[in-house]
Protein chains: 2
Amino acid sequence: MEQKGELVSFRPDIKVVDCTLRDGGLVNNFEFTDEFVRDLYKANVAAGIDYMEFGYKASKEVFNVEDFGKWKFCDEKGIREIVGDNNTDLKISVMADVGRTDFRKDIGPKSESVVDMVRVATYINTIPAAIEMINYCADMGYEVTINIMAISTASETELDLALELLASQSKASVIYLVDSYGSLYPEQIRRLADKYLKVAEKYGKSVGIHAHNNQQLAFANTIEAATIGVSFLDVTMSGMGRGAGNCYTELLMGFLRNPKYRISPVLKFIEKQIVPLKNSGVVWGCDVQYMLTGQTNQHPRTAIAFTGEKRTDYDAFYTSITNYE
Amino acid sequence: MEQKGELVSFRPDIKVVDCTLRDGGLVNNFEFTDEFVRDLYKANVAAGIDYMEFGYKASKEVFNVEDFGKWKFCDEKGIREIVGDNNTDLKISVMADVGRTDFRKDIGPKSESVVDMVRVATYINTIPAAIEMINYCADMGYEVTINIMAISTASETELDLALELLASQSKASVIYLVDSYGSLYPEQIRRLADKYLKVAEKYGKSVGIHAHNNQQLAFANTIEAATIGVSFLDVTMSGMGRGAGNCYTELLMGFLRNPKYRISPVLKFIEKQIVPLKNSGVVWGCDVQYMLTGQTNQHPRTAIAFTGEKRTDYDAFYTSITNYE
């Protein structure tokens, strides 16, 4: 595998994507205060972050609006209340899940929206539907990326076919390597990143990485992928995200050598907004139960329930998820 | 760099070293209950851990015995109260700092001791004194390892000279790569591990790794080093150790494929002893202040003080340790 760039260099193709509201919203049901969101936006702009993901563009037919904070749905009006016309270098993104987004109804032309990028999330078996949505959004004028989820349980052959299909048939400009269960080791991430890059580059596309921190590998996997050429790097403030959370913004800011990135606004945001949020009882981050679902390559739902019940009987939990002994 | 072993294989040369009492003792002043130490010993035996480090063999001339828990000094009698004659496969280790150990007085012949291994810790500038201590301990019948600390602030030339000197002149069987400040990235760890291995193998020695978790890289760096041939791997229960702590035993147990290793006794120990210890207010682990000293390649003492004061003004802390702005 060829290395692109050294520790002391920087690559202008690197783009940092803040997913705090979107992946973090899975922790607190998207119930962020407007002040939190406004401070996050300002911090991202000041830190030189490239994209900020505001949340999901979820279907109001599938989900009841009363049951979630507004960033589950990301109405244009709500985003504009925070960013105005967004006269900054920070681009704005929303995520749309295949099968859970009324894209023809809820995603209008880019010319009428402050959103710059739509990130489509799909499982391998819904890729044809993903391509339809990707191409619709691209034709509407948006940058589009595609996240293929749960690849650690897919066969290598399926994944190869999926990548070729997405790269050749879709108008997505970025294909994301996603470690949904936080189960992948750096060695595997490098092999997968190499695979993604080979297909993506054939079609003039880029590759991104979205890591989870179950085994304290989100940051390591992100920088290892970056080192061999992955360029879209997902982060969240203090790793806020579902279960074990994500790659920490503050860690990546300390690693990247691009002089546009600044850690100080990130630190100020953490002390002002993340510390009180944690003190209020919102819980995420690497704990034993998440390591165990990561090690055994499982969805973290059992670990999330275990966390919610404030249990610490880790060995009983391990037995329940493995039945090995 | 050649890879030794694949993810699905196991290498019989791997040795796991539990440093919970030694590095963890730096968190709680070595004040562990006998029940904690006995449970840890039993858990290590049951988990198939290869070595357990009981603490330091510190000089009673340099340190006042009244000021520390007993594992700062590791008297033979104290260890035997826990392990008897240690009729198990687990070997017992103690650490001895150059200049802070009365080795001729406090380290007797192996034939009279239940200790199997002495780990000598040195800075680059005290290597001649380290060699004297290593060879004394080896002649007394112990396995001896050498930890070279704070290499991230040493020059490459000095390090090369130090490695050659230690490998050629000392009777240590293992040379440890130590990331004292948790500042090294996987890319650097691979380069350094390769360097250590080349020198060590020339003289028939092995290489170990002792990682710190400032940047959430302790586990990643440990397994990356292992993958290219490092064989002595230091861990602590839930990462307990000075400042940001170490590589988590429970993470490494989930990674290694050697069937002798078992995670269940580790999980039981954590729920019985580590959860109450944390609830009692003993604090370690990766937090923003440790990331910042790691990123800037500094000793964590400022971050430890910041933690002790329960401060969260991270940006002011950053300014104070860098004076960049």
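Residues numbered from 1 in each chain as written. Chains lettered and ligands numbered in written order. Predicted model: local features only at pLDDT ≥ 70, side-chain atom pairs only at ≥ 80, totals over all residues. Heavy atoms only, no water.

### Brief notes about the pattern of salt bridges
Residue and element names in this part refer to chain A.
- With the rule as written, the count across this model stands at 58 salt bridges over all chains.
- A salt bridge links Glu164 to Lys202; the nearest nitrogen and oxygen atoms lie 3.1 Å apart. Here Lys202 lies in helix α7 (residues 186–202) and Glu164 lies in helix α6 (residues 156–169), a separation of 38 residues in the sequence.
- Relative accessible area serves as the criterion here: at 27%, Glu164 is assigned to the partly exposed category. (Salt bridge = Lys/Arg side-chain N within 4 Å of Asp/Glu carboxyl O. Helix = DSSP H or I, 4+ residues; strand = E, 2+ residues; numbered from the N terminus. Buried < 20%, exposed > 50% of the residue type's maximum accessible area, 1.4 Å probe, protein only.)

### Some details on the state of the cysteines
- Counted by the stated rule, this structure contains zero disulfides over all chains.
- Take B:Cys137: it sits in no disulfide, and the sulfur closest to it among the cysteines is that of B:Cys74, at 13 Å.
- In this structure B:Cys286 is a free cysteine whose sulfur lies 10 Å from that of A:Cys286, the closest cysteine sulfur available.
- Its relative accessible area of 26% is what places B:Cys286 among the partly exposed residues. (Disulfide = S-S within 2.5 Å.)

### What about the environment of A:Lys91?
Residues and elements named next belong to chain A.
- Relative to the assigned elements, Lys91 resides in strand β3 (residues 91–97).
- With a relative accessible area of 32%, Lys91 lands in the partly exposed category.
- Distance in space between the C-alpha atoms of Lys91 and Met117 is 7.5 Å, their sequence separation being 26 residues.
- Ignoring any residue separated from it by four or fewer positions in sequence, one finds Lys91 in contact with Asp50, Tyr51, Met52, Asp116 and Glu143.
- Among the polar contacts made by the side chain of Lys91, one reaches the side chain of Glu143 at a distance of 2.8 Å. (Contact = heavy atoms within 4.5 Å. Polar contact = N/O pair within 3.5 Å; in protein donor to acceptor, adjacent residues only side chain to side chain.)

### Thoughts on the sheet that holds strand β7 (residues 206–210) of chain A
Residues and elements named next belong to chain A.
- With parallel pairing, the eight strands of this closed barrel are ordered in space as β1-β2-β3-β4-β5-β6-β7-β8. Put simply, the sheet's adjacent strands are angled 25° from each other on average, direction ignored.
- Taken strand by strand, helix α1 (residues 20–28) contacts β1 (15–18), β2 (51–56), β3, β4 (117–122), β7 and β8 (232–235), and its axis lies near 35° from that of β2. (Pairing = 2+ DSSP bridges. Axes fitted to C-alpha atoms, helices over the stretch in contact; angles between N-to-C directions.)

### Regarding the packing of aromatic side chains
- Within this structure, the stated rule accounts for 26 aromatic pairs over all chains.
- A centroid spacing of 6.3 Å and a plane angle of 65° characterise the contact between A:Phe219 and B:Tyr185, whose relative ring orientation is edge-to-face. Remark: B:Tyr185 occurs in the loop between β6 (174–178) and α7 (186–202) and A:Phe219 occurs in helix α8 (residues 218–227); the pair is interchain, linking two chains. With respect to class, A:Phe219 is no different from B:Tyr185; both count as buried.
- Taken together, the ring pairs in this structure connect A:Phe32, A:Phe36 and A:Phe269 into an aromatic cluster.
- Taking the ring centre of B:Phe63 as reference, the NZ or CZ of B:Lys72 above it sits at 3.8 Å.
- Note that B:Lys72 overlies the ring of B:Phe68, its terminal NZ or CZ placed 4.6 Å from the centroid. (Phe/Tyr/Trp six-rings, centres within 6.5 Å; stacked < 30°, edge-to-face > 60°. Lys NZ or Arg CZ within 6 Å of the ring centre and 35° of its normal.)

### What about the relation of the copies chain A and chain B?
- Superposition of chain A onto chain B requires a rotation of 180° combined with a translation of 0.0 Å along the rotation axis, giving an RMSD of 0.0 Å. These values place the two chain copies in the arrangement generated by a two-fold rotation axis. (Least-squares fit on C-alpha atoms with pLDDT ≥ 70 in both.)

### A look at unusual backbone geometry
- Phi is positive for A:Ala150, close to 55°, though the residue is something other than glycine.
- On the secondary structure map, A:Ala150 appears in the loop between β5 (143–148) and α6.

### Describing the nonpolar core
- Core analysis: the biggest nonpolar cluster contains 226 residues, and A:Phe54, A:Ile79, A:Tyr196, B:Phe54, B:Ile79 and B:Tyr196 have the highest contact counts within it.
- If we ignore the near neighbours within four places in the chain, the residues touching A:Phe54 are A:Leu21, A:Val37, A:Tyr41, A:Trp71, A:Cys74, A:Ile79, A:Ile82, A:Val83, A:Ile92 and A:Ser93. (Core = buried A, V, L, I, M, F, W, Y, C linked by side-chain atoms within 4.5 Å.)

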